Amino acid sequence: MCSITKEAVFDAISTVIDPEVGFNLVEMGLIYDAIIDENCNVHVIMTLSTQGCPLHQMITQWVKEAVERIEDVGEVEVEVVWEPAWNISMADENVKQALGGM
């Protein structure tokens, strides 16, 4: 039985900052889900603010590395999806205020 929680995964990912806007990926609403199996393998489902994001590969690698730092984690897979498309309404209130609704 795996003791890693979705909350722990989201906490780990919250250390990853989007370099373009200076907020972490969780508070931006870019992390859609984290699925943890009985062997502590983690599948992260996320998106990016734009499909043409020049840092696509780097950001997904940072997410993978952040989750891999969780004690007892198994394999980590990061899947980038484009549906539903991200928009500013998915972000935390502090991000919406700081970015002025983009």
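Under an unreviewed UniProt entry, the name given to the protein is DNA methyltransferase, and the organism recorded is Sulfurovum riftiae.

Any chance you could explain the UniProt feature "domain: MIP18 family-like" (unreviewed entry) in the protein here in plain terms?
In this numbering, the UniProt entry assigns the feature "domain: MIP18 family-like" (unreviewed entry) to residues 6–78. Each end of residues 6–78 is marked by a C-alpha atom, and these two atoms are 14 Å apart; helix forms 29% of the span and strand 19%.

Help me understand helix 1 (residues 6–13) in this model?
It helps to recall that an α-helix has 3.6 residues per turn; residues three or four apart then point in one direction. Buried within helix 1 are the following residues: Val-9, Ala-12 and Ile-13. End-on, the buried residues of helix 1 take up no more than an arc of 95°, which puts them together on one face. Among the structural elements, strand 1 (31–36), strand 2 (42–46) and helix 2 (56–68) are those in contact with the buried residues of helix 1.

How should I be thinking about the sheet that holds strand 3 (residues 76–80) in this particular structure?
Strand pairs in the sheet, formed through backbone hydrogen bonds, run parallel or antiparallel to each other. As summarised here, the arrangement of the three strands in space is 1-2-3, forming an open sheet in which the pairing is mixed. The open sheet has two free edges, formed respectively by strand 1 and strand 3, since each of these has just one partner strand. Going across the sheet, the axis of each strand differs from the next one's by a mean of 15°, ignoring polarity. Pairing geometry for strand 2 and strand 3, over five bridges, is parallel. Counted as the bridge partner of His-43 is Glu-77 from strand 3.

Rules and cut-offs
Residues numbered from 1 in each chain as written. Predicted model: local features only at pLDDT ≥ 70, side-chain atom pairs only at ≥ 80, totals over all residues. Heavy atoms only, no water. UniProt positions renumbered as here; feature names shortened; annotations may be inferred. Helix = DSSP H or I, 4+ residues; strand = E, 2+ residues; numbered from the N terminus. Buried < 20%, exposed > 50% of the residue type's maximum accessible area, 1.4 Å probe, protein only. Arc of directions from axis to C-beta. Contact = heavy atoms within 4.5 Å. Pairing = 2+ DSSP bridges. Axes fitted to C-alpha atoms, helices over the stretch in contact; angles between N-to-C directions.

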